[in-house]
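Tertiary structure, described
The chain contents come next:
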Amino acid sequence: MLSRRSTAAARAWGSRSLATPAANFFPGEPAAPKVVSASVPGPKSKAASERIAQFQDNRTHILVADYAKSKGNYLADVDGNELLDVFAQIASIPIGYNSPELLALAKSDEFGIAAMNRPALGMFPSADWSETINSGLLSVAPKGLPDLFTQMCGSCAVEGALKAAFMAYRARERGEAGVEGFSGEEMSSCMKNQAPGSPELSVMSFKSAFHGRLFGSLSLTRSKAIHKLDIPAFDWPAVTFPLLKYPLSEFAAENAETEARALAEVEATIIEWKTKKPVAALIVEPVQSEGGDNHASPSFFKGLRTITKEHGVFLIVDEVQTGVGATGSFWAHDKWNLNTPPDFVTFSKKMQAAGFYHAAPTRASAPYRNFNTWMGDPVRALQAREMINVIKRDSLVDNTAETGDYLYSALASLAATPAGAPHILNLRGKDHGTFISFDCATPADRDQFVAKMRGLGVNMGGCGERAVRLRPMLIFEKKHADLVLERMEKVVKEL
């Protein structure tokens, strides 16, 4: 028998009216998904994937896209299907496929010169590099972090921040001023990968975290074993991330205790490791994305900032997936209202460019210490600048917050219906824009749900063991949410 609350929710879902049409952020995009093949991927997509398999592993392919025909929120494939994309290249597309503004940029002399003459930015920056950065990436710098180190990808951004944290930690210990601060023993021992030049320091991360697949970042990643198997790793501590119970309103006291235990474990581990490999930095995602979309409260993150400050540990906030508006604020950590900012904030994905923000005291004490050939990419910096301008002009962060509230409310109603209740579990992401997810009963149920949605023209993805994550673009509107919800209602009735 349905509870009174479930019955009321079912009535609310049944009487749900479609959203009032809003201003169209992407005129000319399809009005609805279109599926013309008997399955997704279709035969042409499968054949194209097999051609790629001749030189590259294709076992992770979902479909083969036709990017020339993709538009706005819609991803076209080589079979002629047009999918409403709420996965957006693993959360990486902010203002739509074939954005008119980006296409115009691509046709400009500015873009062409940058693309044809890629500089080694650390040594030969272009005359317009300062203007490009100040009008783009630095215009959205997190509060208190005016310095920027541009990189190539999200993993690179994390690696660069780790190096900066280690160097700043040792500089603080020795009070160094340039190369003169290094001893002869340090200079010689580091060439043998030995202390004191290669110090016994560590970085703390959380269980279920994902921070990348390079050597340092992979040592911090704890989401799936398949990511780490056979790769040597640093001996660094991992602590428990507070896994909250939902709905939050029903488990407030229990969740607060869970977060308190996690904070106590963080502090105890920092103290314990002071006699082994002192913790130079702690890295955390505002939402553990690859690990299952695990959330925590602002109070938890404020506690982390307090503990790290008290123990001289640098705080790295990994915003590679959460940054650039997806949570309804430009940076997800803005929601924490910290009294002091993080020491580093990494970014990539929706920014298209990559790197980390920091403050002047964490600059390297000598040149060439944190350095590589490219030091970023002017083409991607130009792209980021244009996207940031569009995001500001069209108030897309506000749109994402409003659309997310609408979508979350409708999903909560669907989850409380007889059809939805068995398949939409632990709904989370309230007040986090469209950064919304839920669990299915089993991993197999999740995979079936995602496959059925794709067959109905909605491209979405999973994460963690059994979670479905929504990662639409910032131009995703209520009318798009209605299309997703209509198909979700059909799928939960079929499962």
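About the criteria used
- Residues numbered from 1 in each chain as written.
- Predicted model: local features only at pLDDT ≥ 70, side-chain atom pairs only at ≥ 80, totals over all residues.
- Heavy atoms only, no water.
- Buried < 20%, exposed > 50% of the residue type's maximum accessible area, 1.4 Å probe, protein only.
- Helix = DSSP H or I, 4+ residues; strand = E, 2+ residues; numbered from the N terminus.
- Pairing = 2+ DSSP bridges.
- Contact = heavy atoms within 4.5 Å.
- Phe/Tyr/Trp six-rings, centres within 6.5 Å; stacked < 30°, edge-to-face > 60°.
- Lys NZ or Arg CZ within 6 Å of the ring centre and 35° of its normal.

**Remarks on the pairing of strand β9 (residues 354–358)**
Counted residue by residue, β9 has five buried out of five residues, so it is predominantly covered. Neither face of β9 is left uncovered, since the one carrying Ala354, Phe356 and His358 and the one carrying Gly355 and Tyr357 both have all their residues buried. In terms of strand pairing, strand β3 (residues 147–151) meets β9 through five bridges, oriented antiparallel. In the sheet register, Gln151 faces β9, and the bridge partner there is Ala354. The pairing of strand β8 (residues 344–347) with β9 spans four bridges and is antiparallel. Across the sheet, Phe344 pairs through a bridge with His358, a residue of β9. Where β8 folds back onto β9 in an antiparallel hairpin, the turn is made up of six residues, including Lys349, whose phi is positive at roughly 40 degrees.

**Focus on the environment of Glu465**
With respect to the helices and strands, the residue Glu465 is situated in the loop between β13 (461–463) and β14 (467–470). In this structure Glu465 comes out as exposed when scored by relative accessible area, which is 60%. Sequence separation between Glu465 and Cys440 is 25 residues, and the spatial gap between their C-alpha atoms is 9.4 Å. With residues near it in sequence (within four places) discarded, Glu465 still touches Pro443 and Arg446.

**Some thoughts on the packing of aromatic side chains**
Per the stated rule, a full pass over the model turns up 16 aromatic pairs. Centre to centre, the rings of Phe241 and Phe300 are 5.8 Å apart; their planes meet at 75 degrees, and the pair counts as edge-to-face. In this pair, Phe241 is assigned in the loop between β5 (238–239) and α10 (252–273) and Phe300 in helix α11 (residues 298–310), connecting sequence segments 59 residues apart. Of the two residues, Phe241 and Phe300, both sit in the buried class. Aromatic side chains Phe301 and Trp336 sit 4.0 Å apart centroid to centroid with 5 degrees between the ring planes, which places their arrangement in the stacked category. Here Trp336 lies in the loop between β7 (314–318) and β8 and Phe301 lies in helix α11, a separation of 35 residues in the sequence. By relative accessible area, Trp336 is classed as buried at 4%. Members of the aromatic cluster, each reached through a chain of ring pairs, are Phe206, Phe241, Phe300, Phe301 and Trp336. Taking NZ or CZ as reference, Arg118 lies 4.0 Å from the ring centre of Trp374, over its face.

What is shown is where atoms sit, not what they do.
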